[in-house]
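Architecture at a glance
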Amino acid sequence: MLYTLKRCRNVLRVTVKRERKPPKAHTSRHTAGRFKINTVNRIAVLGSGSWGTALAIQFARTGRPTMMWGIEQPEIRAMARARRNTAYLPEASFPDALQVTTNLDEALANAEDVLIVVPSHAFRETLQRLKSSSLPLKHLAWATKGFETETGKLPHQIAAEVLGPNLQTAVISGPTFAAEVAAGLPSAVSIASADKENAQRLAEAISTDTFRAYIAEDIIGVEVGGATKNVLAIGAGISDGLGFGANTRSFLVTRGLMEMTRLGLALGARKDTFMGLSGMGDLVLTCTDDQSRNRRFGLGLAKGAAADEVRKAIGQVVEGFYAAKAVFSVAQRLGVEMPIVEQIYKVIYEGVSPREAVTALMRRPLTPE
């Protein structure tokens, strides 16, 4: 049985036929004005990495028509042919409701919701692509985590700057590894929006027997948690890579949560948000499991490898590499004390050795907890 491609209403679909050789894959090149896709309540997922693919699979599991967009034509063609993301999630097959494309207008056509799942350094560019599209945008959400390095802005600030302040938006974050979501293992996230009904609507759209979404209104807190935990996970990786054990890891996680909370409060977040899924939950996950790229990055640094060398070996975006610079810069600007983040920044960008960084933390003046 061989996979072949058919074009159906300008959407890539994979069917199964008995043939000696599969024809070459192709993507639609129609313009927005010629789209005739009749779908109900469709969602466009922009970003075809591991997390974008996992979320697209999860939405499609509910039976909701889902279009995943990516910019790399060879990768998208491979996904269309195999009906799975062979590069990042090879074990997870695509539900029938999930299709893929490299044409942004095709992805956006008739979409009720647009979900951005790209690395933080590509977030603004993706928003600008949306702005340039001739198609209307109804609801926008993102699962992108991180401050913008150059400006120190959070995703919701960038979205308002590029698309205007009146668009209905939401952010998805929480303790979730893409492979486990794609495999259908029980998972939970937070969905935050200034409009409670919008968060509730999106939560209902993605929740299943194995995936639960909680709603929140603290967009700042959810975003700060998602950005800062990546930096702290690097620290946990460094600690374990140096062989310092469970005591040290527990210390880093606990005090890291305090640093995350301080920064969030300085930016206008609510304290209790950091005790939830997008705060403590995501922090514990990324600091304690090697599925975390940020933790693996820290493990590599502890072995004495250069940052670029470790990133290349990981082969995917390590958000904490960018977040370390951005979080440290924002903390400095606001006068927020974040000693763990500061030492991780120095290891990555100033050449301080991991052992020297740990020693600097332990020798800080004693203070009340």
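Bear in mind that the values here come from a model prediction, so they are computed numbers and not experimental data.

**Quick look at the sheet that holds strand β12 (residues 211–216)**
- With mixed pairing, the 8 strands of this open sheet are ordered in space as β7-β4-β3-β8-β9-β10-β11-β12. The two strands at the open ends of the sheet, each matched to only one other strand, are β7 (98–101) and β12. Strand-to-strand twist of the sheet, defined as the mean angle between neighbouring strand axes without regard to direction, takes the value 25°.
- Strand direction decides the pairing type here: strand β9 (residues 139–142) and strand β10 (residues 168–173), joined by 4 bridges, are parallel. Residue pairing across strands places L140 opposite T169, the latter belonging to β10.
- Across the sheet, helix α7 (residues 196–206) lies against β8 (111–116), β9, β10, β11 (187–192) and β12, angled at about 175° from β12, the strand it touches most.

**A word on the side chain of T66**
- You can see T66 is positioned in strand β4 (residues 66–69).
- Residue T66 is classed as buried on the basis of its relative accessible area, which comes to 2%.
- Here T66 is in contact with R42, I43, V45, A56, F59, A60, A97, L98 and Q99, once residues within four sequence places are set aside.

**Focus: the confidence of the model for the chain**
- Confidence in the prediction of the chain, expressed as mean pLDDT, is 90, and 89% of residues score 70 or more.
- In this model, residues 1–39 is a region of pLDDT below 50 whose contacts with residues beyond four sequence positions or in other chains number 93 contacts.

**Comments concerning the pairing of strand β3 (residues 42–46)**
- Here β3 lies mainly inside the structure; 5 of its 5 residues are buried.
- Burial of β3 is two-sided: the residues R42, A44 and L46 facing one way and the residues I43 and V45 facing the other way are all buried.
- Pairing of β3 with β8 involves 5 bridges; the strand directions are parallel. Directly across from V45, in β8, lies its bridge partner L115.
- As judged from the 4 bridges shared by β3 and β4, these two strands associate in the parallel manner. For A44, the partnering residue across the bridge sits in β4 and is M67.

**A word on the side chain of S173**
- As for its position among the elements, S173 is in strand β10.
- Given a relative accessible area of 3%, S173 falls into the buried group.
- Apart from residues no more than four positions distant in its own chain, S173 is found in contact with K145, V189, S190, V222, G226, S278 and D282.

**Details of a nonpolar patch on the surface**
- Taken together, the side chains of M275, M280 and V284 present a nonpolar region at the surface, about 250 Å² in accessible area.
- Structurally, V284 is set in helix α10 (residues 277–288).
- Accessibility expressed as a relative area gives 36% for V284, which makes it partly exposed.

**A look at the packing of helix α9 (residues 245–266) against helix α14 (residues 339–349)**
- Contact geometry of α9 with α14 gives a least axis separation of 8 Å together with a crossing angle of 100°. Considering their axes alone, α9 and α14 lie roughly perpendicular with respect to each other. Here L252, R255, G256, E259 and R262 of α9 lie close against α14, whose contacting residues are P339, I340 and V341.
- Partitioned by chemical class, the residues of the contact of α9 with α14 number 4 nonpolar, 1 polar and 3 charged.

**Thoughts on the environment of V117**
- Position of V117 relative to the elements: it lies in the loop between β8 and α4 (123–132).
- Taking C-alpha positions, V117 is 8.9 Å from K145, a pair spaced 28 residues apart along the chain.

**Details of the pattern of salt bridges**
- Throughout the structure, instances matching the rule amount to 15 salt bridges.
- Of the charged contacts, one joins R201 and D113 as a salt bridge, the two residues approaching to 2.8 Å between their closest N and O atoms. With R201 in helix α7 and D113 in strand β8, this residue pair connects regions lying 88 residues apart in the sequence.
- Taking relative accessible area as the criterion, D113 reaches 3% and is therefore assigned buried.
- Between R129 and E125 there is a salt bridge; the shortest N-O distance is 3.5 Å. With R129 and E125 both in helix α4 and 4 residues apart, the pair spans about one turn of that helix.
- Each of R124, E148, K153 and E161 takes part in salt bridges that share partners, so that together they form one network.

About the cut-offs
- What you see as residue numbers is a count from 1 along each chain, following the sequence as written.
- Restriction of local features to residues with pLDDT of at least 70 applies here, the model being predicted, together with a cutoff of 80 or more for giving and counting side-chain atom pairs; totals for whole chains, interfaces and linings are based on all residues.
- By convention in this description, side-chain values take in all heavy atoms of the structure and omit both hydrogens and water.
- Should DSSP find at least two bridges between two strands, the strands are regarded as paired.
- Note on conventions: DSSP H or I runs of at least 4 residues are helices, E runs of at least 2 residues are strands, and numbering of each starts at the N terminus.
- Note on method: axes are straight lines fitted to C-alpha atoms, helices fitted across the in-contact stretch only, with angles between N-to-C directions ranging 0 to 180 degrees.
- Contacts are residue-level and defined by heavy atoms, with any inter-residue pair within 4.5 Å sufficient.
- Buried means the residue's accessible area, taken with a 1.4 Å probe over protein chains only, is under 20% of the maximum for its type, while exposed means over 50%, and partly exposed covers the values in between.
- On a range of 0 to 100, pLDDT expresses the predictor's confidence in each residue.
- The patches reported here contain residues having more than 30% relative accessible area and no salt bridge. Joining distances are 9 Å for like charges and 5 Å for nonpolar side chains (Val, Leu, Ile, Met, Phe, Trp, Tyr).
- The Shrake-Rupley method, run with a 1.4 Å probe, gives the accessible areas here. Residue values count only the displayed protein chains as cover.
- The term salt bridge refers to a side-chain nitrogen of Lys or Arg lying within 4 Å of a carboxyl oxygen of Asp or Glu.
- An angle below 35 degrees is read as roughly parallel, one above 145 as roughly antiparallel, one from 65 to 115 as roughly perpendicular, and any other as oblique.
- The classification used treats Ala, Val, Leu, Ile, Met, Phe, Trp, Tyr, Cys and Pro as nonpolar, Asp, Glu, Lys and Arg as charged, and all other residues, Gly among them, as polar.

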